[in-house]
Amino acid sequence: MILALAYSAVMLSFLSGLLALSMRQRKMLSRLWQYILGKYPNVPQAWRQNLNDSLTEQLYPMRLQQLVFLLLGISGLLALLAGLSVLLAQNSITDQINIGLPWLHWHVRFDGLSGLFFAIIGIAVIAVSLYGPGYVKNNDEQQHPFAVLGLFSGLFVAGMLLVLLADDAFFFMIAWELMSVTSYFLVAFQHEHSANRRAAFLYLIMAEVGAIAIILGFGVLAGYSEDFSFTFTAMRAAQLSPTWATIAFLLALLGFGMKAGLVPIHVWLPEAHPVAPSHISALMSGVMLKVAVYGLIRFTYDLLGDVQWQWGLVVLVVGAVSSVLGVLYALMQHNLKRLLAYHSVENIGIIFIGLGLSLIFISNGHEHIGVVALIAALFHTLNHALFKSLLFLGAGSILQQTHETDIEHMGGLIRNMPKTSVLFLIGCMAISALPPLNGFVSEWLTFQAALQADVLESGVLRSLIPVSAAALTLAAALAAACFVKVYGTIFLGLPRSRHCAKAQEVEGKGMPAGMGLLAGLCFILGIFPGFVIHLLNNVSGQLLGKTLSNDAVAGWIWLAPVSMHQASYAAPFVLLAIVLAGGVSFWYLRRDPAMALRHAEPWDCGFGGLTPRMQYTSTAFSMPIRRIFAKVWHIEEKIDIEKQGAMDQQVTDIHYQLHVDDVSWLRIYPPIERTVNRTARVVGRIQTGNIRVYLADSFATLIFLLWVIS
Amino acid sequence: MNWLMAIVQTGLFVILAPLLTGWIKWCKCRLQNRRAPSLLQPYRDLWKLTHKQPVVAEQASWLFIITPYVIFSAMILAASTVPLIAVDLPTSASADVIVLVGFFALARFFQALAGLDIGTAFGGMGSSREMTISSLAEPAMLMAVFTLTMAASTTNLSFAIGFVLDQGIVLRPSFVFALFALILIAIAETGRIPVDNPATHLELTMIHEAMILEYSGRHLALIEWASEVKLMLYGVLIANIFFPWGIAQQFTWSALGDALLSIVAKLMLLALFLALSETLFAKMRLFRVQEYLSFAYLLGLLGLLSHIILEVSR
């Protein structure tokens with residue numbers, strides 16, 4: 001039953017993709033409908049009217065788009081239901097589908113971990129399909145055909161869901177590639193700009209290099225398993241030597257880390273996410289990166305089994321570096337979606353800090369703390385999916401209404417777009433880890449796990465873990481600074497461009513509803529984290545065979561992961577107190593009607609007339625941080641002052657140019673590029689273009705191989 | 001009983017905070033050979049401000065109006081979690097010391113947003129500087145706090161203070177480092193000299209004052225009061241974590257009375273030190289603050305490492 005739900009979620013997303021293909025088939029469908037009407041004259045009048053309307057030229061595209069998104073939404077809903085029910089049922093369901101290789105049918109396994117990620121994808125897909133119709137409505141059908149967008153969106157969602165179901169390496173890789181390749185087409189959707197094509201190609205290269213690493217990782221496991229089988233069951237049973245296990249782990253970390261966007265293999269992320277349509281960016285950043293996290297968890301905890309603390313250390317350090325560098329790079333961006341993409345790097349870093357902690361604690365025999373860290377990581381995965389999708393959808397609304405991607409040209413939108421501004425604020429608060437929202441809870445849990453470092457034997461680990469916790473704090477504090485910048489420049493102050501001054505709230509209910517769903521969940525999960533932790537505890541029970549102690553998860557008010565004596569947090573009380581304190585002071589101070597607000601012009605230092613140019617820009621806002629952490633970026637700053645008059649005393653013009661680049665582009669990738677080119681040149685020598693030489697080469701190879709075999 | 005105690009204590013916090021500010025001003029005036037205003041002057045200022053009609057800029061949004069209330073309630077919440085005169089508070093269980101840092105972050109987030117709301121240059125300047133300084137101060141603060149929480153193996157402030165009391169007077173090198181780190185951070189976070197000057201409205205040096213330049217009337221009163229509470233919070237944190245003796249462990253009248261007297265004495269002494277240092281030192285340039293804060297961070301880190309290396313017995 002549960003599996004049927006999961007299958008139908010996958011099928012429906014496929015179907016929604018296929019349905020989108022009929023975007024240009026209106027005439028044929030119309031003829032088909034007339035034919036059906038001729039055959040069966042007793043179709044109810046209401047249906048007849050409705051379908052006739054839908055098939056008219058004006059209404060057809062809109063109705064079809066709504067239908068495609070409706071199917072996608074139902075698929076999301078089913079995925080959510082399937083995920084939740086398998087989480088609650090606490091069992092794992094296996095199945096085989098009779099397609100695939102003759103000796104290796106597709107193995108399917110649906111357990112708590114897959115269920116959790118199913119639910120995450122489900123929520124995001126529901127929100128996106130509420131949001132989608134309003135967003136794509138005004139697309140230019142000639143330039144950006146909806147058929148392409150809808151087809152690949154459907155296939156993309158189906159691919160992600162299938163990755164979670166896979167129980168053998170072959171099926172896993174097919175689903176993984178389905179996800180990667182369809183998302184390539186989505187990134188390349190607006191392909192008229194060469195920058196977008198370049199971003200998409202970069203994404204494709206990195207996705208494929210990552211996939212190769214994953215395949216090699218699976219290969220190591222399969223090599224040690226019984227009869228070289230590629231099923232996950234055989235891989236679980238495989239007994240690896242520690243060295244080979246480490247090699248397999250490192251390959252998996254490289255492969256999945258490339259997809260997840262760990263520093264320094266994150267460079268595709270800030271290029272690819274901004275150029276996709278916003279609701280797709282929401283799915284890619286909010287959900288696809290999580291599938292990579294799923295892959296790593298599945299590979300490490302489930303398939304490899306016996307974890308080593310050195311792995312945890314690597315993951316911890318990589319996570320800490322990613323979180324700090326991700327947010328520092330984000331601070332310097334002024335393209336909103338690119339900034340959000342860099343924040344994904346930061347949040348993936350936070351998730352990896354949690355995973356690293358759990359690996360370290362588990363391998364040192366402190367499973368009960370490892371569970372806390374794992375739950376923190378999983379919780380942050382869920383939270384990040386919620387608030388990052390919310391922020392990308394918000395960015396889409398802003399883009400649609402203002403036609404601006406650069407936040408330096410925005411401002412004052414809080415007055416023009418009241419609903420969006422409130423929802424976006426909730427997203428900003430959640431991602432900045434402010435209580436009482438959800439982002440805070442997962443970071444709090446991560447801190448709680450890190451603070452248990454005392455129990456470890458090794459002094460190095462004991463001192464490294466608090467330092468990584470400090471990196472997490474730095475990342476959180478900088479994230480708050482970054483989102484003050486983002487919200488302040490976009491929504492507050494005076495409009496910096498005409499587009500922004502004339503912007504209006506998004507039309508229709510769908511777009512605010514999609515964002516509202518996510519914002520509401522951010523809020524609810526922040527106040528009542530107990531329910532989610534209960535579910536995550538089931539995941540950990542299945543994965544590690546260990547759960548949190550009973551009193552830690554029993555209450556819905558209290559959150560006490562280790563024990564009540566060590567740490568506790570009661571978000572409902574916090575919310576209650578904040579509402580009470582704020583409400584009472586609000587009521588008390590405003591009770592006198594004579595003291596109502598008086599509006600006046602702001603103080604302009606007596607010069608008259610504040611202009612939008614006097615405000616701090618986002619570049620100005622982050623300038624102190626740029627100066628303090630100057631070594632992290634590659635900064636090119638140029639000031640040209642044109643002078644005139646006697647002795648050059650009169651300044652006529654000042655030009656300021658600033659380029660802030662990602663250091664990893666300059667330090668890491670050029671050497672790789674040079675090596676690849678050099679190797680290609682060497683290899684190129686044997687490609688003479690002469691068929692006789694090729695035949696001779698093949699013959700020599702054949703002889704050589706025969707000699708090797710015999 | 002416990003909950004009642006928590007509410008009373010929070011009330012005391014909020015009511016006594018302006019007095020502490022008055023006392024610091026009094027000490028500073030005396031040290032600088034000026035005539036001091038009355039100790040009750042901050043109360044008079046608050047009273048005056050709450051009875052004035054607030055003037056709000058025309059382009060102010062709803063965010064600008066609600067911000068003072070958010071800041072004030074976040075500070076009340078923060079105050080409720082820090083033991084002032086008695087340990088074993090139920091409120092310290094509902095929000096531990098990491099949540100306390102979270103409350104500060106919440107207040108700061110809204111404050112910085114409100115600074116950007118009007119669209120004047122000063123507001124943005126203040127917000128930018130405040131977020132820069134705080135993003136450096138927060139990790140340092142948590143380093144100092146982690147030293148305490150790892151030693152006491154709890155993040156609940158009540159239990160942690162109880163732990164220090166039970167230990168008796170032991171000289172812990174880690175606590176010495178953490179104490180100095182926390183003092184440096186407290187100065188930076190509450191906007192005192194040498195990081196910021198609470199008494200100036202000079203455009204190039206303002207941080208906190210620049211953000212609240214557009215506020216008036218009851219809004220300004222709430223923000224001023226909140227920053228007084230914040231100053232006292234840091235004072236109480238330093239006093240009660242590192243020198244908790246005198247704090248009440250039972251709820252008897254005599255114990256509570258002693259506790260009140262001792263915390264007042266401790267705070268008066270701390271404030272005297274603050275006034276002295278504010279008289280002796282000049283304000284730093286903005287880009288020197290990073291060195292100051294990284295020194296605080298280093299102290300916190302040293303504290304943590306010395307705890308891990310020297311003090312963990314196994």
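Computed from a predicted model, the values in this text were never measured in an experiment.

Conventions and cut-offs
Residues numbered from 1 in each chain as written. Chains lettered and ligands numbered in written order. Predicted model: local features only at pLDDT ≥ 70, side-chain atom pairs only at ≥ 80, totals over all residues. Heavy atoms only, no water. Contact = heavy atoms within 4.5 Å. Buried area = accessible area lost by both parts, 1.4 Å probe. Salt bridge = Lys/Arg side-chain N within 4 Å of Asp/Glu carboxyl O. Polar contact = N/O pair within 3.5 Å; in protein donor to acceptor, adjacent residues only side chain to side chain. Helix = DSSP H or I, 4+ residues; strand = E, 2+ residues; numbered from the N terminus. Nonpolar A, V, L, I, M, F, W, Y, C, P; charged D, E, K, R; others polar. Patch = residues over 30% accessible without salt bridge, like charges linked within 9 Å, V, L, I, M, F, W, Y side chains within 5 Å. Areas by Shrake-Rupley, 256 points an atom, 1.4 Å probe, with all protein chains shown as cover. Domains from an automatic or database assignment. Buried < 20%, exposed > 50% of the residue type's maximum accessible area, 1.4 Å probe, protein only. Core = buried A, V, L, I, M, F, W, Y, C linked by side-chain atoms within 4.5 Å.

### Remarks on the interface of chain B and chain A
Bring the parts together and some accessible area is lost; that lost area is often taken as the interface size.
Line of reasoning, step 1. Across the boundary between the two partners, chain B contributes 78 residues, which contact 81 residues of chain A.
Line of reasoning, step 2. Taking both sides of the interface into account, the surface hidden between chain B and chain A amounts to around 6,900 Å²; carbon and sulfur atoms contribute 71%.
Line of reasoning, step 3. Applying the counting rule to chain B against chain A returns zero salt bridges.
Line of reasoning, step 4. If you look at where chain B meets chain A, you find 16 residue pairs in polar contact (both at pLDDT 80 or more).
Line of reasoning, step 5. Mapped onto the side of chain B that touches chain A, the elements with two or more residues apiece are strand 1 (55-57), helix 3 (62-81), helix 4 (90-94), helix 5 (97-117), helix 6 (121-152), helix 10 (217-242) and helix 12 (289-311) of chain B.
Line of reasoning, step 6. Of the residues that constitute the side of chain B that touches chain A, the class distribution is 46 nonpolar, 24 polar and eight charged.

### Considering a nonpolar patch on the surface
Residues and elements named next belong to chain B.
Line of reasoning, step 1. Residues Leu31, Leu269, Leu272, Phe273, Leu276, Leu280 and Phe281 make up a contiguous nonpolar surface patch of about 720 Å² in total accessible area.
Line of reasoning, step 2. The element contributing the most residues to the nonpolar patch is helix 11 (residues 253-280), with five residues.
Line of reasoning, step 3. Mapped onto the fold, Phe273 is located in helix 11.

### Some details on the environment of B:Phe163
All names here are of chain B.
Line of reasoning, step 1. Tracing the sequence through the fold places Phe163 in helix 7 (residues 157-167).
Line of reasoning, step 2. Sequence separation between Phe163 and Thr149 is 14 residues; the distance between their C-alpha atoms is 10.0 Å.
Line of reasoning, step 3. When neighbours within four sequence positions are excluded, Phe163 is seen to be in contact with Ala151, Ala152 and Arg172.

### Some words on the domain arrangement of chain A
Line of reasoning, step 1. When its domains are assigned, chain A resolves into domain 1 (307-530) and domain 2 (637-710).
Line of reasoning, step 2. For domain 1 of chain A and domain 2 of chain A, the distance between their C-alpha centres works out to 34 Å.

### Here we look at unusual backbone geometry
Residue and element names in this part refer to chain A.
Line of reasoning, step 1. Going from Val263 to Pro264, the amide bond is cis rather than trans, its omega being 5 degrees.
Line of reasoning, step 2. Within the secondary structure layout, Pro264 lies in the loop between helix 10 (242-260) and helix 11 (268-275).
Line of reasoning, step 3. Cis geometry marks the peptide bond from Pro435 to Pro436, where omega comes out at 5 degrees.
Line of reasoning, step 4. Inspection of the secondary structure puts Pro436 in the loop between helix 17 (418-431) and helix 18 (438-450).
Line of reasoning, step 5. A positive phi is found at Gln90, a non-glycine position, where the angle reads about 55 degrees.
Line of reasoning, step 6. Relative to the elements of secondary structure, Gln90 occurs in the loop between helix 4 (60-89) and strand 1 (93-101).
Line of reasoning, step 7. The phi torsion at Ala433 lies on the positive side, around 60 degrees, for a residue other than glycine.
Line of reasoning, step 8. With respect to the element layout, Ala433 can be found in the loop between helix 17 and helix 18.
Line of reasoning, step 9. Given the relative accessible area of 8%, Ala433 is considered buried.

### Concerning the nonpolar core
Line of reasoning, step 1. Counting 366 residues, the largest nonpolar core has A:Phe172, A:Trp176 and B:Phe109 as its most contacted members.
Line of reasoning, step 2. Among the elements that take part in this core, helix 15 (residues 367-402) of chain A stands out by supplying 20 residues, more than any other.
Line of reasoning, step 3. Contacts of A:Phe172, omitting those with residues within four sequence positions, involve A:Val163, A:Ala166, A:Ile214, A:Phe218, A:Phe232, A:Phe256, A:Tyr294 and A:Gly295.

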